[in-house]
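So you can see what is in the structure, the chains are spelled out below.
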Amino acid sequence: MQGLMQDRPLLISSLIEHAATFHPDTEIVSRLPEGPTHRTTWRGLRDRARQVAQAMGALGIRPGDRVGTLAWNSYRHLALYYGVSGMGAVLHTVNPRLFPEQIDYIINHAEDQVLFFDIGFAPLVAQLAPRLKSVRAFVAMTDRAHMPAIEVPNLLCFEELLDAQSGDYVWPEFDEKSASSLCYTSGTTGNPKGVLYSHRSTVLHTLMELAPDTFGISSSETVLLIVPMFHANAWGTPYAAAMVGAKLVLPGPHLDGQSVYNLMRDERCTFSQGVPTVWLMLFQYLDAHPQIDPREIGVKRIGIGGAAVSRAVLERFERDFGAEVVQGWGMTETSPIGVISKLLPKHAELDGDALLKVKLKQGRGVWGVDLKIVDAAGQTLPWDGVAYGHLHVRGPWICSGYFRGEGGEVLDAEGYFPTGDVATIDPDGYLQLVDRAKDVIKSGGEWISSIDVENAACSHPGLLEAAVIGLPHPKWQERPLLVAVKRPGAEVDAASVLAHLGERIAKWWLPDDVVFVDSLPHTATGKLLKTKLREQFKDHRLPTA
Ligand code: ADP
């Protein structure tokens, strides 16, 4: 027997209409690439999004066509999020930090018809344009006064394109399983692969994100969205903020510590999201300005994901900002939220290191995501917090395959997606990431978690950042090398780092050597670029080898 409830499709356009109807005057604040701070409201944004949808029609874009963006977080990018997906086309957010050859590959692979870009990327667009075979129009996301002087065919001005539309537009209704947006993984090995989200997956993921035990965003919140809108839909927050009508603050390209701090303070942000590297930039700014008291902001929660949260980062937010850190684990393929770290009532009894241990785990499963860890033969492993295995996930916002079938059949026999991560899961369902399978260090038949060693190293007061890689070893197969960046002005040597680690990790996990560098390489999404480090140190001789 079928239920008798209405069959309304879950569409992204419903989010912006809700925000405009019930939170019309709540602000969206953007620091523009042109410099100034721009203010609009959810109603203003909805009107702009409708004009985007009409402009798509004027440019000959049909449902299912891909429309590319090379842009930072701003109200213009947000209008594209709603206008392009809302009219039935697919918003393809391209990561501008990728190598030009990868961007070229991605845009051609996606067959983007129109490319929207921030003026800061004009030189890149001019360089790429001759090779972008499918792109029929290039739209500079600015007004007439700031149009870049570049030679590309059919160069249009964003504000003029939209101003030419009446805004009198009714969103179409279509199948909720239709594709809404496309995002390529950064492809540290091989070519980037496209993850194609649907309206349904996006709306369900948004509902999950708003729950109090996940990110708990509400209409009383002011959200500073630092994670870029080209990185896994900015963790879904552009949609979540609209669903509850939260005030949204968008930093544009201004991600240095001072800009982030000032924006957070001036807009009185209560919640902010970003990868660990942006927070390190913020801390460096605060280190250089000790007279600043970050408690003046009143920020309540900081969402961190994309790489492990170290003890140093967690403690600094708690101590100096009075803020709770909410860690999440996920990936482009998981929309991206897979697990979120929140304490359970029973943890109220804990304090000190015992509490910290729980807080530093990546998090617990959220409704909608099934988790399992398996051994090399695919056998399910117990949730005892000790057994570690390959993490597989399943759910309505987890990808079922890549765009155009790249990578072939990816799901396991039970329909789970293999994440490429290695993890433990404890009896309470907390997942702890051991490593990416390709980064884990195999020493004497056992595995060393580079993440754990890095976290322990980062709690050394003289270190800013640390990476651990495995180097070949005649006896043990691989042994760890620690590559570290000193805090400016700090006096640190290898012996003090090893002594510090000796008190925190198992003896056989201790790196065989420590090297200091000026900076560490990062991927386009802010993770340590271990492939590059392994290449850089491939001839390094460990003293024990
Ligand atoms: P990329 O395109 O660089 O792979 P993703 O954001 O999709 O970008 O990366 C996903 C990966 O990031 C995960 O598979 C995991 O290895 C790592 N990751 C994400 N969140 C965390 C976290 N909280 N702790 C440790 N690693 C994380």
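Sequence order sets the numbering: in each chain, residues are counted from 1 along the sequence as written. Only residues with pLDDT of at least 70 get local features here, since the model is predicted, and only at 80 or more are side-chain atom pairs given and counted; chain-wide, interface and lining totals rely on the full set of residues. Computation of side-chain values: all heavy atoms of the structure, hydrogens and water removed.

1. Observations concerning the overall build of the protein chain
Next, step 1: What the protein chain contains, in helices and strands, is 15 helices and 25 strands.
Next, step 2: Each principal axis of the C-alpha distribution contributes one length, and for the protein chain these read about 70 × 65 × 50 Å.
Next, step 3: Out of the 545 residues belonging to the protein chain, those deemed buried represent 60%.
Next, step 4: We call two residues in contact whenever any of their non-hydrogen atoms come within 4.5 Å of each other. Here the analysis covers contacts within the protein chain between residues at least 6 apart in sequence; of these, 67% occur between residues at least 24 apart.
Next, step 5: Accessible areas in this description were obtained via Shrake-Rupley with a 1.4 Å probe; residue shielding takes into account the shown protein chains only. Total accessible area on the protein chain stands at roughly 22100 Å², and carbon and sulfur atoms take up 52% of it.
Next, step 6: Where the 51 positive side-chain charges of the protein chain centre and where its 63 negative ones centre are 1 Å apart. Numbering of helices and strands starts at the N terminus; helices are DSSP runs of H or I of at least 4 residues and strands are runs of E of at least 2. Exposure classes here rest on a 1.4 Å probe applied to the protein chains alone. A residue is buried below 20% of its type maximum, exposed above 50%, and partly exposed in between. The charge count includes Lys and Arg as positive and Asp and Glu as negative, but it does not include His or the ends of the chains. Charged side chains are reduced to one point each, which is NZ for Lys, CZ for Arg, CG for Asp and CD for Glu.

2. Here's the deal with the packing of aromatic side chains
How two aromatic rings sit relative to each other is given by the distance of their centres and the angle of their planes.
Next, step 1: Pairing of aromatic side chains here covers Phe, Tyr and the six-membered ring of Trp, requires ring centres within 6.5 Å, and sorts the geometry by plane angle: under 30 degrees stacked, over 60 edge-to-face, intermediate tilted. Inspection of every chain in the model, using the stated rule, returns 16 aromatic pairs.
Next, step 2: Summarising the aromatic geometry, the rings of F283 and F317 are spaced 5.1 Å apart at their centres and angled 55° between planes, so their arrangement reads as tilted. With F283 in helix α10 (residues 276–288) and F317 in helix α11 (residues 311–321), this pair connects stretches of sequence that are 34 residues apart. Comparing F283 with F317 shows no difference in burial state: the two are buried.
Next, step 3: Among the aromatic residues, those joined into a ring-pair cluster are W279, F283, F317 and F321.
Next, step 4: Ring-over charges, as used throughout, are those where CZ of Arg or NZ of Lys falls within 6 Å of the ring centre and within 35 degrees of the ring normal. One cation-aromatic arrangement involves R301 over F271; the distance from NZ or CZ to the ring centre is 4.5 Å.

3. Let's talk about the state of the cysteines
Next, step 1: In this description, the term disulfide denotes a pair of cysteine sulfurs within 2.5 Å. The final tally for this structure, using the stated rule, is zero disulfides.
Next, step 2: Here C399 stays free of any disulfide, with the sulfur of C183 as its closest cysteine sulfur at 12 Å.
Next, step 3: Residue classification places C399 among the buried positions, given a relative accessible area of 10%.

4. Things to note about the pairing of strand β4 (residues 90–93)
Every other side chain in a regular strand lies on the same face of the sheet, so the side chains alternate between the two faces.
Next, step 1: What you see with β4 is no split at all: V90 and H92 on one side and L91 and T93 on the other are buried throughout.
Next, step 2: When DSSP finds at least two bridges between two strands, those strands are taken to pair. Where strand β3 (residues 66–70) and β4 come together, four bridges link them in parallel fashion. Looking at β4, one finds that T69 is bridged to T93.
Next, step 3: Where the polypeptide runs from β3 across helix α3 (residues 75–86) and back to β4, its parallel neighbour, the crossover connection is right-handed.
Next, step 4: With two bridges joining them, β4 and strand β8 (residues 179–184) adopt parallel strand pairing. Residue pairing across strands places L91 opposite S181, the latter belonging to β8. Classification remark: right-handed applies to a crossover when, strands pointing away from the viewer, the course from the first strand over the helix to the second runs clockwise.

5. Considering the site of the ligand
Next, step 1: Whether a residue is near a molecule or strand depends on its heavy atoms: if one lies within 4 Å, it is near. Close contacts around the ligand come from 18 residues, with S186, G328, T332, D421 and R436 the closest.
Next, step 2: Under this definition, polar contacts are N or O atom pairs within 3.5 Å; protein pairs additionally need one hydrogen-donor-capable and one acceptor-capable atom, and for neighbouring residues in sequence, both atoms have to be side-chain atoms. Interatomic distance of 3.2 Å between a backbone N/O atom of A308 and a nitrogen atom of the ligand.
Next, step 3: Contact with the protein chains removes 94% of the 560 Å² of surface that the ligand exposes when unbound.
Next, step 4: Ranked by the residues each element gives to the shell around the ligand, the list is headed by strand β14 (residues 324–330), at four residues.
Next, step 5: In this classification, Asp, Glu, Lys and Arg are treated as charged, Ala, Val, Leu, Ile, Met, Phe, Trp, Tyr, Cys and Pro as nonpolar, and every other residue, Gly included, as polar. Classifying every residue of the shell around the ligand gives five nonpolar, 10 polar and three charged.
Next, step 6: Where each domain starts and ends comes from a domain assignment, either automatic or drawn from a database. There are two domains that each give the shell around the ligand at least three residues, and those are domain 1 (13–254) and domain 2 (366–436).

6. Examining the nonpolar core
Next, step 1: Among the buried residues, those of types Ala, Val, Leu, Ile, Met, Phe, Trp, Tyr and Cys that are joined through side-chain atoms within 4.5 Å form a nonpolar core. Counting residues in hydrophobic clusters, the biggest one holds 150 residues, and the most contacted among them are W42, Y82 and F116.
Next, step 2: No fewer than three residues from each of domain 1 (13–254) and domain 2 (366–436) sit in this core.
Next, step 3: C458, I505, W509 and V514 belong to the second-largest nonpolar core, a separate cluster that totals 17 residues.

7. Some words on α10
Next, step 1: Expected helix span is taken as 1.5 Å per residue step, with the number of steps being one fewer than the number of residues. With 13 residues, α10 extends 19 Å between its outermost C-alpha atoms, agreeing within 8% with the 18 Å of an ideal straight helix rising 1.5 Å per residue.
Next, step 2: Those residues of α10 lying buried are P276, T277, V278, W279, L280, L282, F283, Y285 and L286.
Next, step 3: Buried residues belonging to α10 abut α9 (257–266), β12 (271–274), β13 (301–304), α11 and β23 (463–473).

8. Comments concerning the domain arrangement of the protein chain
Next, step 1: Its domain assignment divides the protein chain into domain 1 (13–254), domain 2 (366–436) and domain 3 (441–536).
Next, step 2: Summarising the inter-unit geometry, the C-alpha centres of domain 1 and domain 2 are found 30 Å apart.
Next, step 3: Counting from both sides, the interface comprises 18 residues of domain 1 and, opposite them, 11 residues of domain 2.
Next, step 4: Interface area for domain 1 against domain 2, summed over the two sides, is near 1200 Å², with a carbon-plus-sulfur share of 72%.
Next, step 5: A quick way to say it: buried area is the sum, across both parts, of accessible area lost when two parts are put together, with a 1.4 Å probe. Per-residue buried area on domain 1 facing domain 2 is highest for H109, K193 and M208; these three make up 37% of the total on that side.
Next, step 6: Note on definitions: salt bridges are taken to be side-chain nitrogens of Lys or Arg within 4 Å of carboxyl oxygens of Asp or Glu. Taken together, domain 1 and domain 2 are joined by one salt bridge.
Next, step 7: E111 serves as the salt-bridge partner of R404, at 3.2 Å between the closest nitrogen and oxygen.
Next, step 8: Among the elements of the structure, α4 (100–110), β8, β9 (194–198) and α7 (199–210) are those that each provide at least two residues to the side of domain 1 that touches domain 2.
Next, step 9: Taken together, the residues that form the side of domain 1 that touches domain 2 break down as eight nonpolar, seven polar and three charged.

9. Description of unusual backbone geometry
Next, step 1: Here S335 and P336 are connected by a cis peptide whose omega angle stands at 10°.
Next, step 2: Within the secondary structure, P336 is located in the loop between β14 and β15 (337–340).
Next, step 3: Of note in the backbone geometry, S335 takes a positive phi value of approximately 75° without being a glycine.
Next, step 4: Mapping S335 onto the fold places it in the loop between β14 and β15.
Next, step 5: In this structure, R404 takes a positive phi of about 60° despite not being glycine.
Next, step 6: With respect to the helices, strands and loops of the structure, R404 is situated in the loop between β18 (389–394) and β19 (417–425).

10. What to know about the sheet that holds β3
Within a sheet, neighbouring strands are paired by backbone hydrogen bonds and run either parallel or antiparallel to one another.
Next, step 1: The seven strands are arranged β7-β6-β5-β3-β4-β8-β9 in an open sheet whose pairing can be described as mixed. Two strands bound the open sheet, and with one partner strand each, they are β7 (155–157) and β9. Ignoring strand direction, the axes of neighbouring strands in this sheet form an average angle of 25°.
Next, step 2: The sheet contact formed by β3 and strand β5 (residues 112–117) spans five bridges and is parallel. Residue pairing in the sheet places V67 in a bridge with V114 of β5.
Next, step 3: Fitted lines through C-alpha atoms serve as axes, helices being fitted only where they are in contact, and the angles separating the N-to-C directions of these axes extend from 0 to 180 degrees. Across the face of the sheet, α3 comes into contact with β3, β4, β5 and β8 while running at roughly 145° to β4.
Next, step 4: On the sheet, α4 packs against β3, β4, β5 and β8 and is oriented at approximately 155° with respect to β8.

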